[in-house]
Amino acid sequence: MNEDLFNTSLRKFLKQVGVTSQREIEKAVRDAIAAGKIKGHEKLRAKMVLTIDSVGLSHEVGEEIELG
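Residues numbered from 1 in each chain as written. Predicted model: local features only at pLDDT ≥ 70, side-chain atom pairs only at ≥ 80, totals over all residues. Heavy atoms only, no water.

Peer 1: So what's going on with the overall build of the chain? Which residues, and what values?
Peer 2: Helix and strand counts for the chain stand at 1 helix and 2 strands. Its helices and strands taken in sequence order, the chain reads α-β-β from the N to the C terminus. Taken against the 2.2 N^0.38 rule, which gives 11 Å for 68 residues, the C-alpha radius of gyration of the chain at 16 Å runs more than 25% over that of a compact globule. With respect to the principal axes defined by its C-alpha atoms, the chain has extents near 50 × 20 × 15 Å. The contacts in the chain between residues at least 6 apart in sequence include a share of 28% that link residues at least 24 apart. Surface accessibility of the chain: about 6,100 Å² in total, with carbon and sulfur atoms responsible for 54%. Averaging the positions of the 11 positive and the 11 negative side-chain charges in the chain gives two centres separated by 6 Å. (Helix = DSSP H or I, 4+ residues; strand = E, 2+ residues; numbered from the N terminus. Rg over C-alpha atoms; globule rule 2.2 N^0.38 Å. Contact = heavy atoms within 4.5 Å. Areas by Shrake-Rupley, 256 points an atom, 1.4 Å probe, with all protein chains shown as cover. Lys, Arg positive; Asp, Glu negative; His and termini not counted. Charge placed at Lys NZ, Arg CZ, Asp CG, Glu CD.)

Peer 1: Explain the pattern of salt bridges to me, using residue names and the numbers behind them.
Peer 2: Using the criterion set out here, one finds 1 salt bridge in the structure. Among the ionic pairs, Asp31 bridges to Lys27, the shortest N-O distance being 2.7 Å. Of this pair, Asp31 and Lys27 are both found in helix H1 (residues 3–34), 4 residues apart, which corresponds to roughly one turn of the helix. With a relative accessible area of 40%, Asp31 lands in the partly exposed category. (Salt bridge = Lys/Arg side-chain N within 4 Å of Asp/Glu carboxyl O. Buried < 20%, exposed > 50% of the residue type's maximum accessible area, 1.4 Å probe, protein only.)

Given below as structure tokens:
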């Protein structure tokens, strides 16, 4: 395995996940506030699941996102 290539590819993937996930969360929260589904001061329970089937990986991260 080429460690440098693996590391670079992994960092690129994680950057893409981070950027797109933040964008999607921000949009969903703004849309929910606009639709009256939430008020904008809640704590939202979030969960991210990472899977790589070919290596048997399933990793879950959960956290609260505070709105205000």
